[in-house]
Amino acid sequence: MPLGPVKYDLVVRSRHTVLPEGTRAAAVAVTGAAIAAIAGYAEPLDAASDVDLADLALLPGLVDTHVHVNEPGRTDWEGFATATRAAAAGGVTTICDMPLNSLPPTVSVAALAGKRAAAAGQCWVDVAFWGGAVPDNDDALRPLHQAGVTGFKCFLIDSGVSEFPPLEAADLRSVLGALAAMDALLIVHAEDPAEVKAASGRDFGLFVASRPPVAERRAIEKVIGATAATGARAHIVHLSAAECVAMIAGAKAAGIRLTAETCPHYLYFAAEHVPDGATEFKCCPPIRDAVNREALWRGLEAGVIDCVVSDHSPCPPALKAFESGDFGAAWGGIASLQLSLSVVWTVARQRGRTLDDVARWMSAAPARLAGLPAKGRLAVGCDADLVAFDPDETYAVEAVRLLHRHPVTPYAGRTLTGRVRQTWLRGTALLDPDRGVPDDEPVGRLLNRG
Ligand SMILES: [Zn+2]
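Throughout what follows, the structure given in this document is the object of discussion. Here the structure is a predicted model, which is why all the values come from computation and not from measurement.

## Some thoughts on the overall build of the protein chain
Step number 1: Within the protein chain, the secondary structure is distributed over eleven helices and 17 strands.
Step number 2: Out of the 450 residues in the protein chain, the part that is buried amounts to 59%.
Step number 3: Sequence separation of at least 24 residues holds for 74% of the intrachain contacts in the protein chain that already meet a minimum separation of 6.
Step number 4: Here the protein chain has roughly 15,800 Å² of accessible surface; of this, 52% comes from carbon and sulfur atoms.
Step number 5: Considering the protein chain, the positive charge centre built from 41 side chains and the negative charge centre built from 52 side chains are found 3 Å apart.

## Brief notes about helix α2 (residues 109–119)
Step number 1: What α2 keeps buried is the set Ala-111, Leu-112, Lys-115, Ala-118 and Ala-119. Looking down the long axis of α2, one finds its buried residues gathered within 125 degrees of arc, a one-sided arrangement. Among the exposed residues of α2, those pointing more than 90 degrees away from its buried face are Ala-110 and Ala-117.
Step number 2: At its buried positions, α2 is contacted by α1 (80–89), β7 (92–97), β8 (126–129) and α3 (138–146).
Step number 3: Taken from the residues just after α2, Gly-121 is the one with a positive phi, measuring 80 degrees.

## As for the sheet that holds β8
Strand pairing in a sheet relies on backbone hydrogen bonds, with the paired strands running either antiparallel or parallel.
Step number 1: Strand order in the open sheet formed by three strands is β6-β7-β8, and the pairing between neighbours is parallel. Two strands close off the open sheet at either side, each with one partner strand: β6 (62–67) and β8. Going from strand to strand, the sheet's axes swing by 25 degrees on average, the running direction of each strand aside.
Step number 2: Note that β6 and β7 share four bridges and pair parallel. In the strand pairing of β7, Leu-62 is matched with Val-92.

## Here's the deal with the coordination of the zinc ion
Step number 1: The coordination sphere of the zinc ion, as far as protein atoms go, consists of His-66 (NE2), His-68 (NE2) and Asp-311 (OD), spread over 2.1 to 2.2 Å.
Step number 2: Mapped onto the sequence, the residues coordinating the zinc ion show the spacing H-x1-H-x242-D. Residue His-66 is found in strand β6, and its partner Asp-311 is found in the loop between β14 (307–308) and α10 (340–350); the two are separated by 245 residues along the sequence. The burial state of His-66 is the same as that of Asp-311; both residues are buried.

## Structural notes on the environment of Ala-111
Step number 1: Mapped onto the fold, Ala-111 is located in helix α2.
Step number 2: Ala-111 sits in the buried class, given a relative accessible area of 7%.
Step number 3: In this view, Ala-111 contacts Pro-104, Pro-105 and Thr-106; residues no more than four positions away in its chain are not counted.

## Structural notes on the environment of Ala-88
Step number 1: Here Ala-88 lies in helix α1.
Step number 2: With a relative accessible area of 0%, Ala-88 lands in the buried category.
Step number 3: A sequence separation of 350 residues divides Ala-88 from Pro-438, and the C-alpha atoms of the two residues are 6.8 Å apart.
Step number 4: Ignoring anything within four residues of it in the chain, the contact list for Ala-88 reads Val-125, Thr-423, Leu-430, Leu-431 and Pro-438.

## Quick look at the environment of Val-127
Step number 1: Its place among the elements puts Val-127 in strand β8.
Step number 2: Since its relative accessible area comes to 0%, Val-127 is described here as buried.
Step number 3: Each C-alpha atom, one on Val-127 and one on Ala-147, is 14 Å from the other, the two residues being 20 residues apart in sequence.
Step number 4: Ignoring any residue separated from it by four or fewer positions in sequence, one finds Val-127 in contact with Phe-80, Thr-84, Ile-95, Asp-97, Arg-445, Leu-446 and Leu-447.

## Some words on the pairing of strand β1 (residues 7–19)
Step number 1: The sheet contact formed by β1 and strand β4 (residues 46–52) spans six bridges and is parallel. Among the inter-strand pairings, Tyr-8 is bridged to a residue of β4, identified as Ala-47.
Step number 2: Note that β1 and strand β2 (residues 22–31) share eight bridges and pair antiparallel. Across the sheet, residue Val-11 finds its bridge partner in β2, namely Ala-29.

## Describing unusual backbone geometry
Most peptide bonds adopt trans geometry, and most residues besides glycine take a negative phi value.
Step number 1: Pro-72 follows Glu-71 through a cis peptide bond whose omega is 0 degrees.
Step number 2: Position of Pro-72 relative to the elements: it lies in the loop between β6 and α1.
Step number 3: Backbone torsion omega between Cys-284 and Pro-285 reads -5 degrees, so that peptide bond is classified as cis.
Step number 4: Looking at the secondary structure, you find Pro-285 in the loop between α8 (264–268) and α9 (290–301).
Step number 5: Phi angles above zero are rare outside glycine, and Ala-54 is one such case at about 55 degrees.
Step number 6: As for its position among the elements, Ala-54 is in the loop between β4 and β5 (57–60).

## Remarks on the sheet that holds strand β11 (residues 185–189)
Step number 1: Across the sheet, which stays open at both edges, the six strands sit in the order β9-β10-β11-β12-β13-β14 with parallel pairing between neighbours. The open sheet has two edge strands, β9 (131–132) and β14, and neither has a second partner.
Step number 2: With three bridges connecting them, strand β12 (residues 233–236) and strand β13 (residues 258–262) associate as parallel partners. Pairing of Ala-234 across the sheet is with Leu-258, part of β13.

Rules behind the numbers
Residues numbered from 1 in each chain as written. Predicted model: local features only at pLDDT ≥ 70, side-chain atom pairs only at ≥ 80, totals over all residues. Heavy atoms only, no water. Helix = DSSP H or I, 4+ residues; strand = E, 2+ residues; numbered from the N terminus. Buried < 20%, exposed > 50% of the residue type's maximum accessible area, 1.4 Å probe, protein only. Contact = heavy atoms within 4.5 Å. Areas by Shrake-Rupley, 256 points an atom, 1.4 Å probe, with all protein chains shown as cover. Lys, Arg positive; Asp, Glu negative; His and termini not counted. Charge placed at Lys NZ, Arg CZ, Asp CG, Glu CD. Arc of directions from axis to C-beta. Pairing = 2+ DSSP bridges. Axes fitted to C-alpha atoms, helices over the stretch in contact; angles between N-to-C directions. Donors = N, O, S within 2.8 Å, 3.2 Å for Na, K, Ca; no water.

Have a look at this one:
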């Protein structure tokens, strides 16, 4: 490694630097926006700025591939400025925006252009975009792919918004065939409407029972069948039903190009502890019981579930129907972009997992999923997206400190372990060191796949 007279812009040192090959004492040297060298922790290096984190961990910035920003069109739910500020505070340096809940949804090149125009100049972290696959937008898939989307999202059940309808089984097959021809990824909300019942009222158990594991199972079976038949790449978003882990493992073992994610709330909460009427816990598929949670963790630890991403999906508090506590009426979505790292680390650490595991699940694997090779790793040539993380600090979640638009969260009052102390995006420190919030001009960029 050429470590001689080079002058770096930034050096960040840590005794616990989380590198792709494992955690060790190291110094990450940055020139411009990129990591230029990985050196020894105490190595003398000429740098404009030299930061020694000592025993704080140094992680690659998180890549959250499942974020609903909702701008333009439903910016009163969440927007680029608020979402990306929350991301920066939580150690997330790249988000991939979901194609629905904004108006229009990202199902055409024109809509993608509208997204980019809305996002430009107000992103504190880097932002990439998923396209949408809906009935009758077949002709838009290739142009969207060429325009740089990270892949395509589809639903197999009502999405909650009428402008983003689900695919039927036959559509799923033809979309996967079209995407296979361009080696593009399809990410799937996998619940089968034939197995889902309507639910209303304050009883959380009834709500969970209305969206049973078999709904996920039947939908994932369809995805596996269509993926096997077409040779396409597919990814199951927000897996909740742990009984599907074995089926996903079997598909992978058979060479089917399938991956899966789960979310912090499925790994942290258990249905039997959710109070009736507590609609801040509503999401679809639902949070299930503690036995299911344990099995999800085992699927993650075994490598069957590839990534953990937030499914950050906020809405105005009125849409959560807090007064009635009616799970049928409330919008389904949990906002946790700023808390994901702490939530996952809190439980992972109790289970004897390491920050290497967390960085694999929350940085490297999602970056690979979204086709962002410069992201998710502390390696020479990658973007200098860094997180200083105190793995021992505990804190109680206060909703007022959350930076997304409506600070409603089921994590309020919970004590979490592990706190972000600083986030660097392409070598630029984002957070005011005293307040832990972004304070400067937004320096995030809009990314294309690749
Ligand atoms: Zn989602």
